[in-house]
Amino acid sequence: MPDEPSAVVELDPRTLRARLDDGEPITLLDVREPDERDFAAIPAAADLFVPMRDVPDRLDAIRAALARGPVVAYCHHGVRSLHVARWLAAHGLPGVLNLQGGIDAWSTAVDPDVPRYF
């Protein structure tokens, strides 16, 4: 999935936590690999697991999530999810936000119960 230049809003973990706590209908889009997902995930009421390599085949599911409210993509450190958000915007699905620093930043800044991995 080549990187397409497109502006993507990045949310820091604390801002995401506050928005979730306020009841905003955010869907978390986890673009990591299955083994990463098995190790740790960010708990959320609306969760969509689509490994990065599967994103082109799952556009309908991502589009449906966007129709329900904001979508925030995340990965380990926020790099893959930023590429995915840019790619989605370039392919007609703008508005996917990126979790700055990924699940690792979430673990250190918001929820230390979410395991960190290297």
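Residues numbered from 1 in each chain as written. Predicted model: local features only at pLDDT ≥ 70, side-chain atom pairs only at ≥ 80, totals over all residues. Heavy atoms only, no water.

## Some details on the pairing of strand E2 (residues 27-30)
In step 1: Neither face of E2 is left uncovered, since the one carrying Thr-27 and Leu-29 and the one carrying Leu-28 and Asp-30 both have all their residues buried.
In step 2: Relative to strand E3 (residues 46-49), E2 is paired through four bridges, and the arrangement is parallel. From the neighbouring strand, Thr-27 faces E3, where its bridge partner is Ala-46.
In step 3: Handedness of the crossover joining E2 and E3 through helix H2 (residues 34-39) is recorded here as right-handed.
In step 4: Pairing analysis gives four bridges linking E2 to strand E4 (residues 71-74), with the strands arranged parallel. Residue pairing across strands places Asp-30 opposite Tyr-74, the latter belonging to E4. (Buried < 20%, exposed > 50% of the residue type's maximum accessible area, 1.4 Å probe, protein only. Helix = DSSP H or I, 4+ residues; strand = E, 2+ residues; numbered from the N terminus. Pairing = 2+ DSSP bridges. Right-handed = clockwise from strand over helix to strand, strands pointing away.)

## Focus: the packing of aromatic side chains
Each aromatic ring pair is summarised here by two numbers: the centre-to-centre distance and the angle between the ring planes.
In step 1: In this structure the tally under the stated criterion is one aromatic pair.
In step 2: Between Phe-39 and Tyr-117 the ring centres are 5.6 Å apart and the planes differ by 75 degrees, which places this aromatic pair in the edge-to-face class. With Phe-39 in helix H2 and Tyr-117 in the segment after helix H5 (102-109), this pair connects stretches of sequence that are 78 residues apart. (Phe/Tyr/Trp six-rings, centres within 6.5 Å; stacked < 30°, edge-to-face > 60°.)

## As for helix H3 (residues 59-68)
In step 1: Taken as a whole, H3 has its buried residues at Leu-59, Ile-62 and Ala-65. Take H3 and look down its axis: the buried residues cluster within an arc of 125 degrees, on one side only. Away from the buried face of H3 by more than 90 degrees, exposed residues Asp-60, Ala-67 and Arg-68 are located.
In step 2: In this fold, the buried residues of H3 make contact with E2, E3, E4 and helix H4 (79-90). (Arc of directions from axis to C-beta. Contact = heavy atoms within 4.5 Å.)

## What about the pattern of salt bridges?
In step 1: Considering all chains together, one arrives at nine salt bridges under this definition.
In step 2: Arg-17 serves as the salt-bridge partner of Asp-21, at 3.0 Å between the closest nitrogen and oxygen. Pair noted here: Asp-21 and Arg-17 are both in helix H1 (residues 13-21), with a separation of four residues, about one helical turn.
In step 3: Here Asp-21 falls in the exposed class, since its relative accessible area comes to 56%. (Salt bridge = Lys/Arg side-chain N within 4 Å of Asp/Glu carboxyl O.)

## Re the sheet that holds strand E5 (residues 97-99)
In step 1: Read across the sheet, five strands follow the order E1-E5-E4-E2-E3 without closing on themselves; strand pairing throughout is parallel. Sheet topology places strand E1 (10-11) and E3 at the edges, where each strand pairs with a single neighbour.
In step 2: Here E1 runs beside E5; their pairing, made up of two bridges, is parallel. When the bridges of E5 are listed, Leu-11 appears paired with Leu-99.

## A word on the nonpolar core
In a soluble, globular protein the nonpolar side chains are often hidden away together inside.
In step 1: If you look at the biggest cluster of nonpolar residues, it comprises 20 residues, and the most contacted ones within it are Leu-29, Val-55, Ile-62 and Leu-88.
In step 2: When contributions to this core are tallied by element, the ones reaching two or more residues are H3, E4 and H4.
In step 3: It is H4 that contributes the most residues to this core, five residues altogether.
In step 4: Residues contacting Ile-62, with those up to four places away along its chain left out, are Leu-29, Leu-48, Val-55, Leu-88 and Leu-93. (Core = buried A, V, L, I, M, F, W, Y, C linked by side-chain atoms within 4.5 Å.)

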